[in-house]
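Each chain, letter by letter, is given below.
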Amino acid sequence: MNRKLKWAIIAFVAFFAIGGVTFLLDHKDDASSELESQIASEALSTTALESTQAVENLPSATVLSLRERMEQLTSVAFDGRYPGTEGGRLTEAYLVSEMRQIGLESPSFAENYLMDFELILPVHKHLSTLVLETGEAKLVFEYGEDFVPFVTRDFAVAEGAFSGKVSVIDDPFKLVDFDYYGHPEIVLYKESAFSGIGYESLFAQILEAPNRPKVILYESAQQNSGHFVLSPYSRRSGVNDNEGGLFIYKVSPEAFAMIAANPKAQLSGTVDAVMETIIANNVVGMIDGSGDEGVIITAHFDHLGNNLDGTYNPGALDNASGVATMLAVAEQLVTNPNPEFDYYFIAFNGEEEGLFGSGAFAAEGVLSPAQFHMINLDMVGASGDVKLEIASTSEQSLPYQDLVIAEALEAGLDVIKTDKGSSDHVPMEATGFKAVSLTELDKRYYHTPKDVTDDAVNLEKMEKVVTFVLGFLLERLSTLP
Ligand SMILES: [Zn+2]
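Residues numbered from 1 in each chain as written. Predicted model: local features only at pLDDT ≥ 70, side-chain atom pairs only at ≥ 80, totals over all residues.

Colleague: Can you break down the overall build of the chain residue by residue, with the values?
Modeller: Within the chain, the regular secondary structure consists of 12 helices and 18 strands. Among the 481 residues that make up the chain, the fraction classed as buried is 41%. Taking the intrachain contacts of the chain between residues at least 6 apart in sequence as the baseline, contacts between residues at least 24 apart amount to 84%. (Helix = DSSP H or I, 4+ residues; strand = E, 2+ residues; numbered from the N terminus. Buried ≥ 20, exposed ≤ 12 C-beta atoms within 10 Å, placed from the backbone. Contact = placed C-beta atoms within 7 Å.)

Listed below in structure tokens is the structure:
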């Protein structure tokens, strides 16, 4: 279904392109010979101009190394960098080797740059399915594009299967009145039916309702580049027992229309995820200065892994960009002889699954909030036209946040102050650190297989963040509030 639509778009673009070429040719036929000779006489100077521009446009050494690290971090081998997977472990090993090569030291509290911790996260054993069958036809929906299931929330089934006929709910006044609908097993909510109601409060009401259904599907048009936002779905604490939970699926408007138009068809689905306890590592390197104060520069390297369907989530902007930026800063800072300050560089793991790596590091208490400030990098150098958010979540960070913002404005960055708490600064601030988190929230490819370097990232823009952070670390540390 979605594929067909894509083909239609490609065919349209091709038609338009051919039309454009024809137009240019026609236009050229009209051109006078005078104009043509004028163009010919200008050819030389134009060539000269172009070659000058080519020299000016050569990527800098920083951009080249940013590109190389982005390529490695987003590679097929790293497979979306999910904690506990082979791709996750290869990424840890790569970061150790990069930190060593740059010339960072392994801190005394780490073991060969590694600090391990335990985390519980959802692991999908098989691809979730959703299939619509009539007597004659069978329609297999595409995971990610047509639907995504909720798993491992405390109200959602993580493992199981269902099959039955669907009832459509589009009356906002009877959202949880399942008696009205004749005790349906599977319900399909039209997006307009629950506008203004939070999904989670709706699910909570459904769980309380007598005669409630087993399966909830709800229409959602909130997609990035034709793909639902993926997540490990584990941020809530409780894990369901698979007994009293609901099967919950989010479906695209196209899939919704197809299911709603076939009320006599059989809809079936499976989800197959388990919660696993695994050991993962943060990767930590340092530059040991003459004093005992300094800055912790951090960026999470984990992402969402693969999708069990031959695709994976490269996480270029989220957050290979932050890791590459952090390593570029480290690389240039390490050549600064006899620094006065200590610099720690931490590639956090387990961020997407619930800030586990930074939580574990903060709980270790190996660095003192009285001696260290923190700069977190989570999505920087976005290709889209978005502002650089500089976020802090605690009172103690405010003067520091204002200073970083003032410096960023002075460096010509387009910044905005926020109090968003969706990254690794949160557990660190909770244990008393003064911290800022830098984010360019370009949502176009966010948490989809399409978050690739060529589309989602602008390396020249990322280089500006490197320059800014480096300048700040070299010039402003003695005046930190
Ligand atoms: Zn993310």
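So that's the structure; there's more coming.
Colleague: Could you give an account of the packing of helix H3 (residues 61–73) against helix H12 (residues 459–475), with specific residues and numbers?
Modeller: When two helices pack together, you describe them by how their axes are tilted relative to each other and by the distance separating the axes. The geometry of H3 relative to H12 is characterised by a closest axis approach of 9 Å and an angle of 110° between their N-to-C directions. As far as their axial angle goes, H12 and H3 are roughly perpendicular. Counted together, Thr 62, Val 63, Leu 66 and Arg 67 of H3 and Leu 459, Glu 460, Met 462, Glu 463 and Val 466 of H12 form the full contact between these two elements. Residues belonging to the contact of H3 with H12 are distributed by class as follows: 5 nonpolar, 1 polar and 3 charged. (Axes fitted to C-alpha atoms, helices over the stretch in contact; angles between N-to-C directions. Parallel < 35°, antiparallel > 145°, perpendicular 65-115°, else oblique. Nonpolar A, V, L, I, M, F, W, Y, C, P; charged D, E, K, R; others polar.)

Colleague: Now, about the nonpolar core: what can you tell me, with residues and values included?
Modeller: Ranked by internal contacts, the top residues of the largest apolar core, which has 79 residues, are Val 323, Met 326, Tyr 343 and Phe 345. Sort the elements by how many residues they give to this core and helix H7 (residues 316–333) lands first, with 11 residues. Not counting chain neighbours up to four residues away, the residues in contact with Tyr 343 comprise Met 286, Ile 287, Gly 294, Val 295, Ile 297, Leu 333 and Leu 473. Residues Leu 130, Phe 141, Ala 158 and Leu 217 belong to the second largest nonpolar core, which totals 36 residues. (Core = buried A, V, L, I, M, F, W, Y, C linked by C-beta atoms within 7 Å.)

Colleague: So what's going on with helix H8 (residues 356–364)? Residues and values would help.
Modeller: Counted residue by residue, H8 has 7 buried out of 9 residues, so it is predominantly covered. By the burial criterion, the buried members of H8 are Phe 356, Gly 357, Ser 358, Gly 359, Ala 360, Phe 361 and Ala 362. Of the surrounding elements, those touching the buried residues of H8 are strand E1 (114–124), strand E12 (266–287), strand E13 (294–300), strand E14 (342–348) and helix H10 (425–430). After H8 finishes, the residue Gly 365 shows a positive phi value of roughly 65°.

Colleague: Break down the pairing of strand E2 (residues 129–133) for me, with residues and values.
Modeller: The two faces of E2 differ: Leu 130 and Leu 132 on one face are buried, but Thr 129, Val 131 and Glu 133 on the other face are not. Pairing geometry for E2 and E12, over 5 bridges, is antiparallel. Among the inter-strand pairings, Val 131 is bridged to a residue of E12, identified as Ser 268. Direction of pairing for E2 relative to strand E3 (residues 138–140): antiparallel, over a ladder of 3 bridges. Opposite Leu 132, over in E3, you have Leu 139 as the bridge partner. Connecting E2 to the antiparallel partner E3 that follows it, the hairpin turn spans 4 residues. (Pairing = 2+ DSSP bridges.)

Colleague: Residues and numbers for the packing of H3 against H7, please.
Modeller: Where H3 contacts H7, the axes come no closer than 9 Å and their chain directions differ by 135°. Considering their axes alone, H3 and H7 lie oblique with respect to each other. For H3 against H7, the interelement crossing comes out right-handed. Of the residues in H7, those in contact with Thr 62, Ser 65, Leu 66, Arg 69, Met 70 and Leu 73 of H3 are Ala 316, Ala 320, Val 323, Ala 324, Leu 327 and Ala 328. Residues of the contact of H3 with H7, tallied by class, amount to 9 nonpolar, 2 polar and 1 charged. (Left-handed = near helix turned anticlockwise from the far one by under 90°.)

Colleague: Outline the confidence of the model for the chain, supporting the account with residue identities and numerical values.
Modeller: Residue-level pLDDT values for the chain average 84, and 84% of them are 70 or greater. Counted against residues more than four places away or in other chains, residues 234–242, with its pLDDT under 50, gives 22 contacts. (pLDDT = per-residue confidence, 0-100.)

Colleague: So what's going on with the sheet that holds strand E8 (residues 215–219)? Residues and values would help.
Modeller: Pairing is mixed across the open sheet formed by 5 strands, whose spatial order is E4-E11-E8-E7-E6. Only two strands of the sheet have a single partner each, and these edge strands are strand E4 (147–150) and strand E6 (166–169). Strand-to-strand twist in this sheet, taken as the mean axis angle between neighbours without regard to direction, amounts to 25°.

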